[in-house]
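So the chains spell out like this:
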Amino acid sequence: MESGALHRLVLVLTVPGVVQLFYDLVARTDAEVTRRLNELIFILLPVQNPDGRDRSRRVNLASFDLNRDWFAQVHPETRGRADVLRRWHPQLVVDSHEM
């Protein structure tokens, strides 16, 4: 699972990378991509904080920094990501929101 753009400030670095990965997976037809698509399940979450992205802010619409919500999971953005993790039990998660 690849996720990015928790905060607006890192959006420039992470969303293009996730979008490029998605594009490569659907547009390329070479043997390496075909093998990966046949053997792996990809879950891409390019933007975890759409409100922050739209408003160019670090916080969501409720003015909450979602980095502080992983334990309590009060906000729908955090609950949605946690639901994906619980449902799929990924062997690898790349959280590139600080990369």
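Residues numbered from 1 in each chain as written. Predicted model: local features only at pLDDT ≥ 70, side-chain atom pairs only at ≥ 80, totals over all residues. Heavy atoms only, no water.

Observations concerning unusual backbone geometry
Trans peptide bonds make up most of the peptide bonds, and negative phi angles are found at most residues other than glycine.
Next, step 1: With a phi angle near 55°, Ser56 is a residue other than glycine that sits in the positive phi range.
Next, step 2: Note on placement: Ser56 falls in the loop between α3 (50-55) and α4 (76-88).
Next, step 3: Positive phi, close to 50°, is recorded for Gln73, a residue that is not glycine.
Next, step 4: Relative to the helices and strands, Gln73 resides in the loop between α3 and α4. (Helix = DSSP H or I, 4+ residues; strand = E, 2+ residues; numbered from the N terminus.)

Here we look at the side chain of His75
Next, step 1: Structurally, the position occupied by His75 is in the loop between α3 and α4.
Next, step 2: Excluding its chain neighbours within four sequence positions, the residues that come into contact with His75 are Asn60, Ala62, Phe64, Leu66 and Asp69. (Contact = heavy atoms within 4.5 Å.)

Observations regarding α4
Next, step 1: Taking 1.5 Å as the rise per residue, α4 with 13 residues should run 18 Å; its terminal C-alpha atoms sit 18 Å apart, in good agreement.
Next, step 2: Within α4 the residues assigned to the buried category are Glu77, Thr78, Arg81 and Ala82. Buried residues of α4, viewed axially, fall in a sector of 130°; they line one side. Away from the buried face of α4 by more than 90 degrees, exposed residues Pro76 and Arg87 are located. (Expected span 1.5 Å × (residues − 1). Buried < 20%, exposed > 50% of the residue type's maximum accessible area, 1.4 Å probe, protein only. Arc of directions from axis to C-beta.)

Section: the side chain of Thr78
Next, step 1: Position of Thr78 relative to the elements: it lies in helix α4.
Next, step 2: Look at Thr78 and you get buried, because its relative accessible area is 1%.

Looking at the confidence of the model for the protein
Next, step 1: Considering every residue of the protein, the mean pLDDT works out to 81; 82% of them sit at 70 or more.
Next, step 2: Mean pLDDT in the protein bottoms out at strand β1 (residues 2-3), which sits at 52, and peaks at α4, which reaches 92.
Next, step 3: The low-confidence segment residues 5-13, where pLDDT is below 50, has 28 contacts with residues more than four positions distant or belonging to other chains. (pLDDT = per-residue confidence, 0-100.)

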